[in-house]
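Spelled out from the first residue to the last, the chains are:
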Amino acid sequence: MRQISVLRPGGFRALRIVEAAPPMPSPGMVVIDVDAAGVNFADCVARLGLYASSWRYAGWPFTPGFEVAGRVSALGEGVRGLEIGERVIALTRFGGYAEQVAVPRHQVFACPSRLTTPQAAGIAVVFLTAAYALDELAAPRPGSTVLVHSAAGGVGGALLQLARLRGIHAVGVVGSTHKLQAAKDAGAHAVIDASSENWFAAARHYAPNGYRAVFDANGLTLRQSLRLLAPMGRLVVYGAHGIIPRGGKLIGALAAMLRYALLPRFGALRLASENKSVMAFNLSYLFDEVSLLDRIMCSLLTDFEEGSLVPPPTRCYPFEQAGLAHRDVQSGLTIGKCVLTVGSVEANLTRRHP
Ligand SMILES: NC(=O)c1ccc[n+]([C@@H]2O[C@H](COP(=O)([O-])OP(=O)(O)OC[C@H]3O[C@@H](n4cnc5c(N)ncnc54)[C@H](OP(=O)(O)O)[C@@H]3O)[C@@H](O)[C@H]2O)c1
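Residues numbered from 1 in each chain as written. Predicted model: local features only at pLDDT ≥ 70, side-chain atom pairs only at ≥ 80, totals over all residues. Heavy atoms only, no water.

S.K.: Looking at this structure, how should I read the overall build of the protein chain?
M.R.: Scanning the protein chain for helices and strands turns up 13 helices and 15 strands. The C-alpha radius of gyration computed for the protein chain amounts to 20 Å, which stays within 12% of the reference 20 Å derived for 354 residues, consistent with globular compactness. Each principal axis of the C-alpha atoms in the protein chain carries an extent, and together these give about 55 × 45 × 40 Å. Partitioning the intrachain contacts of the protein chain with sequence separation of at least 6 by distance along the chain shows that 69% fall at a separation of at least 24. If you sum the accessible surface of the protein chain, you get close to 15000 Å²; carbon and sulfur atoms cover 55% of it. Once the 34 positive and 25 negative side-chain charges of the protein chain are each reduced to a mean point, those two points are 9 Å apart. (Helix = DSSP H or I, 4+ residues; strand = E, 2+ residues; numbered from the N terminus. Rg over C-alpha atoms; globule rule 2.2 N^0.38 Å. Contact = heavy atoms within 4.5 Å. Areas by Shrake-Rupley, 256 points an atom, 1.4 Å probe, with all protein chains shown as cover. Lys, Arg positive; Asp, Glu negative; His and termini not counted. Charge placed at Lys NZ, Arg CZ, Asp CG, Glu CD.)

S.K.: Please clarify how the site of the ligand should be interpreted in this entry.
M.R.: Inspection of the region around the ligand gives 25 residues, with S150, G175, H241, I244 and L283 positioned closest. Between the ligand and V155 there is a distance of 2.9 Å, counted from an oxygen atom to a backbone nitrogen or oxygen. L283 places a main-chain nitrogen or oxygen 2.6 Å from an oxygen atom of the ligand. With the chains in place, 93% of the 900 Å² that the ligand exposes on its own is no longer accessible. Secondary-structure elements contributing two or more residues to the shell around the ligand are α4 (124-138) and α5 (154-165). The element best represented in the shell around the ligand is α4, accounting for 3 residues. Across the shell around the ligand, the residue classes tally to 10 nonpolar, 13 polar and 2 charged. Mapping the shell around the ligand onto the domain boundaries places at least three of its residues in each of domain 1 (2-123 + 311-350) and domain 2 (125-284). (Near = heavy atom within 4 Å. Polar contact = N/O pair within 3.5 Å; in protein donor to acceptor, adjacent residues only side chain to side chain. Nonpolar A, V, L, I, M, F, W, Y, C, P; charged D, E, K, R; others polar. Domains from an automatic or database assignment.)

S.K.: I would appreciate a short explanation of the state of the cysteines in the present structure.
M.R.: Here, the word disulfide means a covalent bond between the sulfur atoms of two cysteines. Under the defined criterion, the tally for this structure stands at 0 disulfides. C316 takes part in no disulfide bond, and the closest cysteine sulfur to it belongs to C338, at a distance of 9.3 Å. No disulfide involves C338; its nearest neighbouring cysteine sulfur is the one of C44, lying 8.9 Å away. Judged by relative accessible area, which is 3%, C338 ranks as buried. (Disulfide = S-S within 2.5 Å. Buried < 20%, exposed > 50% of the residue type's maximum accessible area, 1.4 Å probe, protein only.)

S.K.: Help me understand the domain arrangement of the protein chain in this model?
M.R.: The extent of an interface is frequently quoted as the accessible surface area lost upon association of the parts. What the domain assignment lists for the protein chain is domain 1 (2-123 + 311-350) and domain 2 (125-284). Facing 27 residues of domain 1, the contacting portion of domain 2 comprises 23 residues. Summed over both sides, the interface of domain 1 with domain 2 buries roughly 2000 Å², with 62% coming from carbon and sulfur. For the pair domain 1 and domain 2, the interface holds 0 salt bridges. Elements that contribute at least two residues to the side of domain 1 that touches domain 2 include exactly α1 (41-47), α2 (52-57) and α12 (322-331). Split into classes, the residues belonging to the side of domain 1 that touches domain 2 amount to 14 nonpolar, 10 polar and 3 charged. (Buried area = accessible area lost by both parts, 1.4 Å probe. Salt bridge = Lys/Arg side-chain N within 4 Å of Asp/Glu carboxyl O.)

S.K.: What is the right way to look at the nonpolar core in this model?
M.R.: Generally speaking, nonpolar side chains in soluble globular proteins are found buried as a group. The biggest cluster of nonpolar side chains holds 101 residues, and the ones touching the most others in it are I89, F127, L159, F215 and M297. Two domains each put at least three residues into this core: domain 1 (2-123 + 311-350) and domain 2 (125-284). (Core = buried A, V, L, I, M, F, W, Y, C linked by side-chain atoms within 4.5 Å.)

S.K.: Looking at this structure, how should I read the packing of α4 against helix α11 (residues 290-306)?
M.R.: Between two packed helices, the angle of one axis relative to the other and the distance separating the axes together describe the packing. Direction vectors running N to C along α4 and α11 enclose 110 degrees, while the axes themselves pass 10 Å from each other. Here α4 is positioned roughly perpendicular relative to α11, judged by the angle of their axes. The chirality of how α4 crosses α11 is right-handed. Contacts between α4 and α11 involve A124, F127, L128, A131, Y132 and E136 from the former and L292, L293, R295, I296, M297, L300 and F304 from the latter. When its residues are assigned to classes, the contact of α4 with α11 shows 11 nonpolar, no polar and 2 charged. (Axes fitted to C-alpha atoms, helices over the stretch in contact; angles between N-to-C directions. Parallel < 35°, antiparallel > 145°, perpendicular 65-115°, else oblique. Left-handed = near helix turned anticlockwise from the far one by under 90°.)

S.K.: I would appreciate a short explanation of the sheet that holds strand β12 (residues 229-237) in the present structure.
M.R.: Adjacent strands of a sheet pair through backbone hydrogen bonds, lying either parallel or antiparallel. In spatial order, the strands read β10-β9-β8-β11-β12-β13; together these 6 strands make up an open sheet with parallel pairing. One side of each edge strand has no neighbouring strand; the edge strands of this open sheet are β10 (190-193) and β13 (277-280). Between one strand axis and the next, the sheet turns by 20 degrees as a mean value, whatever way the strands run. Here 5 bridges tie strand β11 (residues 211-216) to β12, and the two strands are oriented parallel to one another. Each bridged residue has a counterpart across the sheet, and for D216 the counterpart in β12 is V237. On top of the sheet, α5 reaches β8 (145-148), β9 (169-174) and β11; it is set at about 165 degrees to β8, its chief contact. Here helix α7 (residues 199-206) sits on the sheet and contacts β8, β9, β10 and β11; the angle it forms with β10, its principal contact strand, is near 165 degrees. (Pairing = 2+ DSSP bridges.)

The structure is reproduced here in structure tokens:
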């Protein structure tokens, strides 16, 4: 079977298709024939060699990919509740860019029937991230106002949808004008275009008394995000994409390391005197929290089944064009999700889950 590996840190061309032995169904594991694999921003960071969790869990060379949609092809001993041929989505802590994956049973979920295969491959990571950030960490009450950075992206759009579902007013910030409509469609009460207005002043305008929570994976905006909080507000930090280069040269990784030094440090006592909290997380270190992830995933998938959540706009790339997908995601211009399809894109688009 084929998989896409990164042999050494690098630009878009560092993604190489290689042959590998098919995974075996060892006890407790589920082997899946992958039809589509979600592309996440973290995959680009890992490719550049800047993602600590890929060093920890995958090493080098490694195959990126945190999520897939496909069909169960083999079950290891002791696996219950799945059938051969069943359509599933799965969380993969690396390794998802492959024609076949072997995944622990608890990371495999039945596919919502409304979704096409590429849509199904692109919902798990961004909605899990958004739900953990919104419900477990920030926990704003219905009627409160929150600010979402990069609001037309994968996680940003998921945060907006979940906020709308929970009766929370969300103000979105986008980095390009062409993203305004997508953020509105996802549920933003107002959207700020940081490319044409002073986003900080506009954010103040929409919530003069401050925000109950700000969701920031940009990094370079953290200091301003903290200032925008109301007393008792929570800043949820889940990334630092602002320090990553938008182009494909490895030299950009060096620039990112320099920009890393510009990220703000927060003083605990100052936070205490302002009654503000900074919370942070990275899902890739939470895979052992089995019951937590299962509870959140099951709730999200029910919402997708019922249609109260809808997949983000999803753009497909053939498996062989993973480099192109990375180029686009790293450009910062994409809307919604990018997904790699194994086999024909058309077949995957028309194939819905039973
Ligand atoms: N902590 C976790 O567990 C976790 C899980 C999933 C994702 N994340 C993080 O959440 C963020 C969003 O992830 P995603 O996969 O959904 O990606 P995405 O939002 O679809 O794309 C990233 C967005 O970041 C903005 N951006 C700002 N500076 C950028 C740069 N230098 N290069 C590229 N984009 C830049 C762009 O939006 P604007 O220009 O509109 O701001 C871009 O659309 C990423 O930082 C990712 O690492 C964290």
